[in-house]
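Given next are the chains, with one letter for each unit.
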Amino acid sequence: MAVSMNAGMRKMALLGSVLLMSAIAAPAQAQTLPDPTRPPMAQGFLQDANAQASPAAPVLQSVFMSSHKKVAIISGQAVNVGEKFGDSRVVKITESEVILRNGPTVQTLKLFPGPEKKMSASHIGSDHNPAAKKGR
């Protein structure tokens, strides 16, 4: 009798473990996780619950290049050279920028926008200008 009671207790413990595990695992299976590689939609667009989303200035978010294809992600949209983005056409994609043309207007989107270095007029003809040194 002790043997059959011991086996019955084992079955009950096993059944309880299975029920406990299924109760714990059920909420985890129903949960969906966001895609960490998806570009943030808030960047480059104004979002308001009461108003229509109006596009801000286009933002270059990523550039993918291989030996035979170049793709840019601009404000969440993937575009190739020659394709249209809004009213503009993509004319060039490099590692760090995309050039858009809309009629006579050309716009350059930089992947890492920041301060641009420019040669000041005071450096022309000074010791810092190699071209000026050659003429001496």
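Fair warning: this is a prediction, and the values are worked out from it, not measured in the lab. Per chain, residue numbering runs from 1 following the sequence as it is written. Selection of residues for local features in this predicted model requires a pLDDT of at least 70, selection of side-chain atom pairs for listing and counting requires 80 or more, and totals for whole chains, interfaces and linings are taken over all residues. To get the side-chain values, take all heavy atoms of the structure and skip hydrogens and water.

Caption draft 1: Local environment of the overall build of the protein chain. Assigned secondary structure in the protein chain consists of 2 helices and 9 strands. Counting over 136 residues, the protein chain shows a buried share of 17%. Note on definitions: a residue-residue contact is assigned when non-hydrogen atoms from the two residues lie within 4.5 Å. Considering only residue pairs separated by 6 or more positions, the protein chain has 18% of its internal contacts joining residues 24 or more positions apart. Only the protein chains shown count as cover for residues, and the accessible areas themselves come from Shrake-Rupley with a 1.4 Å probe. For the protein chain, the exposed area adds up to about 11000 Å²; of that, 60% sits on carbon and sulfur atoms. Strands here are runs of E lasting at least two residues and helices are runs of H or I lasting at least four, both read from the DSSP assignment and numbered beginning at the N terminus. When a residue's accessible area, from a 1.4 Å probe over protein chains only, is under 20% of the maximum for its type it is buried; when over 50% it is exposed; and in between it is partly exposed.

Caption draft 2: Fine view of the sheet that holds strand β6 (residues 84-85). Should DSSP find at least two bridges between two strands, the strands are taken to pair. Spatial strand order, β6-β7-β8-β9: 4 strands in an open sheet with antiparallel pairing. In the strand order of this sheet, the two ends are held by β6 and β9 (105-110), each with one partner. The sheet contact formed by strand β8 (residues 97-102) and β9 spans 6 bridges and is antiparallel. Each bridged residue has a counterpart across the sheet, and for valine 98 the counterpart in β9 is leucine 109.

Caption draft 3: Quick peek at the sheet that holds strand β5 (residues 77-80). Strands sit in the order β3-β4-β5 across an open sheet of 3 strands; the sheet is antiparallel. Two strands bound the open sheet, and with one partner strand each, they are β3 (60-65) and β5. Direction aside, neighbouring strands of the sheet carry axes that sit 25° apart on average. Pairing of β3 with strand β4 (residues 70-74) involves 5 bridges; the strand directions are antiparallel. Among the inter-strand pairings, methionine 65 is bridged to a residue of β4, identified as lysine 70. All axes here are fitted lines through C-alpha atoms, helices being fitted over the stretch that makes contact, and every angle between N-to-C directions spans 0 to 180 degrees.

Caption draft 4: Structural context of the nonpolar core. Leu60, Val63, Ala72, Ile74, Val79, Phe85, Val90, Ile93, Val98, Leu100, Leu109 and Leu111 form the largest nonpolar core, which has 12 residues in total. Contributing elements (two or more residues each) for this core: β3, β4, β7 (88-93) and β8. When sequence neighbours within four positions are dropped, the list of residues in contact with isoleucine 74 reads Pro58, Val59, Leu60, Gln61, Val79, Phe85, Val98, Leu100 and Leu109. Only buried Ala, Val, Leu, Ile, Met, Phe, Trp, Tyr and Cys residues count toward a nonpolar core, and they belong to the same one when joined by side-chain atoms within 4.5 Å.

Caption draft 5: View of the side chain of glutamine 61. As for its placement among the helices and strands, glutamine 61 is situated in strand β3. Here a polar contact is taken to be a pair of N or O atoms separated by no more than 3.5 Å, where protein atoms must pair a possible hydrogen donor with a possible acceptor and residues adjacent in sequence count only if both atoms sit in side chains. Side-chain polar atoms of glutamine 61 contact the backbone nitrogen of glycine 76, separated by 2.7 Å.

Caption draft 6: Local environment of the confidence of the model for the protein chain. Every residue carries a pLDDT, the predictor's confidence in it, which falls somewhere between 0 and 100. The predicted model of the protein chain has a mean per-residue pLDDT of 74, with 57% of residues at 70 or higher. Under a pLDDT of 50 for its full length, residues 42-51 has, in the predicted model, 14 contacts with residues more than four places off or in other chains.

Caption draft 7: Representation of unusual backbone geometry in the model. Its identity is not glycine, yet serine 75 carries a phi of approximately 50°, on the positive side. Relative to the helices and strands, serine 75 resides in the loop between β4 and β5. Judged by its relative accessible area of 7%, serine 75 falls in the buried class.

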